[in-house]
Each structure stands twice: as C-alpha cells, then as structure tokens.
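# Observations on chain architecture
What follows is each chain in one-letter form.
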Amino acid sequence: LNLCTGDLSEAALGWCTFGGDQMGNYAINAYLYKTAIRGIIHRLSTTAEDKEISFLLSDILDTPISPELTSEEGEISQKTEEILGAYEVHDFYLYYFARYGFSPEKLFAYAKIAFLGKYKPSQLKNWLRIFFTRFFASQFKRTCSPEGAKIWDISVYPPDFMMPSEVDAGLFLKSIEALTTEE
C-alpha cells in the first residue's frame, strides 16, 4: 500500500507533483488543511507526557514548511510560504471559496478583517492572486488524485467539487487586479 501525504492546502494550490502524489493508493491527508495539521501537532506537543515526543513535535512546528529540498550544507533551500504566501491565508481563501463560493472581492474584504494588523492588504491581494492562479491551473492534478477520508465540509476533489481541467482563472484575476489596497 502506497500512502500519499499531500494535504488539502497543497492540492488546492497545486503544490504537489503530478504523478508522484497521484500514484498512491490512498491520500491520508487529502481532506486536512495544512493549518489544521499544524494545530493538531501543536496540541499534541503541548499535551504530550513524554518530553522527547513534545520536543520533536515542537521541532516540527519550528521548521519552515518545505518540500524537504536541502542544500549541500543541509539548509532548507525552498521555503514554501516564502514562495506562495502564508498557508493560514490560503486556507482561509480555500475554505470560503470552496464552501461558500465567495467572489475574489468578498474574499479580500473578509481577509482584510480577519488578518487586520497581521498582513498588509497588498500581501492579501497578492496571495489571493496566487491562490486563484494556482487553484485553477492545478485542477488537472486533483481530478486524478487517490481517495481519502472526507472529514470537513468542503472538498476540492471529484465528485464533490467538479471543475473542468481546462478552466481559466482570467475573470477571477481581473477582479483581483481591480481591488484597492489602501495600507
């Protein structure tokens, strides 16, 4: 049995390899947001009776999210959130888009309130553009992903979420470009 470890956040953003992540028999994290996984690890690290386990889990949380690409010196050479933006924001966009069908304008308005003081509106707008560009462009990967246990009220996988693989993000991106980002 070959288990896939990609999660819902990665699937939504296409941050997975076509073939590699799709070739497994079962996707154990397919319906888990990356922020939910981090929350679970945090909870376990603070409640573990074994200090070594607590330390290891805390170390996992302190490690930047990456596809585990390292330099010859052992340093992380690719930090995902430096490229895509904060996963907590992408997971926010994902939930409200997939669950409620929010438009880019409404997502941006809600994000400015939810992340007030944490992220600048210009960052939120940029990450919204990245979200929709990658979400639409990676549909073909999701249509052939292995099954997983559905544990949330949203899905980006067929048959729950149906979208043609050739879909274009153009109209969404046009809406995003029109957004203003008073800092």
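This section reports on the structure supplied with the text. This one's a predicted model, so the numbers in the text were calculated from it and none came from an experiment.

What counts and what doesn't
- Residues numbered from 1 in each chain as written.
- Predicted model: local features only at pLDDT ≥ 70, side-chain atom pairs only at ≥ 80, totals over all residues.
- Heavy atoms only, no water.
- Helix = DSSP H or I, 4+ residues; strand = E, 2+ residues; numbered from the N terminus.
- Buried < 20%, exposed > 50% of the residue type's maximum accessible area, 1.4 Å probe, protein only.
- Contact = heavy atoms within 4.5 Å.
- Salt bridge = Lys/Arg side-chain N within 4 Å of Asp/Glu carboxyl O.
- Patch = residues over 30% accessible without salt bridge, like charges linked within 9 Å, V, L, I, M, F, W, Y side chains within 5 Å.
- Areas by Shrake-Rupley, 256 points an atom, 1.4 Å probe, with all protein chains shown as cover.
- Phe/Tyr/Trp six-rings, centres within 6.5 Å; stacked < 30°, edge-to-face > 60°.
- Core = buried A, V, L, I, M, F, W, Y, C linked by side-chain atoms within 4.5 Å.
- Polar contact = N/O pair within 3.5 Å; in protein donor to acceptor, adjacent residues only side chain to side chain.

### Quick word on the overall build of the protein chain
When helices and strands are counted, the protein chain shows nine helices and two strands. Its helices and strands taken in sequence order, the protein chain reads β-α-β-α-α-α-α-α-α-α-α from the N to the C terminus. By the burial criterion, 40% of the 183 residues in the protein chain qualify as buried. For the protein chain, contacts bridging at least 24 residues in sequence account for 66% of all contacts bridging at least 6.

### Concerning the pattern of salt bridges
Applying the stated criterion across every chain yields a total of three salt bridges. Across the salt bridge formed by lysine 34 and glutamate 10, the nearest N and O atoms sit 2.8 Å from each other. Residue lysine 34 is located in helix 2 (residues 34-47), and its partner glutamate 10 is located in helix 1 (residues 8-13); the two are separated by 24 residues in the primary sequence. Residue glutamate 10 is classed as buried on the basis of its relative accessible area, which comes to 16%. A salt bridge links glutamate 88 to lysine 118, with the nearest nitrogen and oxygen atoms 2.8 Å apart. Of this pair, glutamate 88 sits in helix 5 (residues 87-100) while lysine 118 sits in the loop between helix 6 (104-114) and helix 7 (121-137), placing them 30 residues apart in sequence.

### Some thoughts on the side chain of serine 54
Tracing the chain through its elements places serine 54 in helix 3 (residues 51-62). Note on serine 54: relative accessible area 16%, which makes it buried.

### Some details on a nonpolar patch on the surface
On the surface, Leu3, Tyr26 and Ile28 cluster together to form a nonpolar patch covering roughly 250 Å² of accessible area. Here tyrosine 26 lies in strand 2 (residues 26-27). Overall, tyrosine 26 belongs to the partly exposed group, its relative accessible area being 32%.

### Examining the packing of aromatic side chains
Following the criterion strictly, the structure yields 23 aromatic pairs and no others. Arranged with centres 4.9 Å apart and planes meeting at 55°, the rings of phenylalanine 92 and tyrosine 96 form a pair that is tilted. Within this pair, phenylalanine 92 and its partner tyrosine 96 are both found in helix 5, separated by four residues, close to a single helical turn. Residue classification places phenylalanine 92 among the buried positions, given a relative accessible area of 15%.

### A closer look at the nonpolar core
Of all hydrophobic cores here, the largest spans 34 residues; its most connected members are Tyr93, Leu94 and Leu124. Listed by contribution, the elements that provide at least two residues to this core are helix 1, helix 5, helix 6 and helix 7. Among the elements that take part in this core, helix 7 stands out by supplying eight residues, more than any other. With near-sequence residues (within four places) excluded, tyrosine 93 lies in contact with Leu107, Ala111, Leu124, Trp127, Leu128 and Phe131.

### Digging into the environment of serine 165
Turning to its location among the elements, serine 165 is positioned in the loop between helix 8 (139-142) and helix 9 (170-177). On the accessibility criterion, serine 165 (30% relative accessible area) is partly exposed. The sequence separation of serine 165 and threonine 143 amounts to 22 residues, and the corresponding C-alpha distance is 7.8 Å. Apart from residues no more than four positions distant in its own chain, serine 165 is found in contact with Gln139, Phe140 and Thr143.

### Considerations on the side chain of aspartate 7
Inspection of the secondary structure assignment puts aspartate 7 in the loop between strand 1 (3-4) and helix 1. In this structure the side chain of aspartate 7 is engaged in a polar contact, spanning 2.8 Å, whose partner is the backbone nitrogen of glutamate 10. Engagement of the side chain of aspartate 7 in a polar contact is seen with the side chain of lysine 34, the distance being 2.7 Å.

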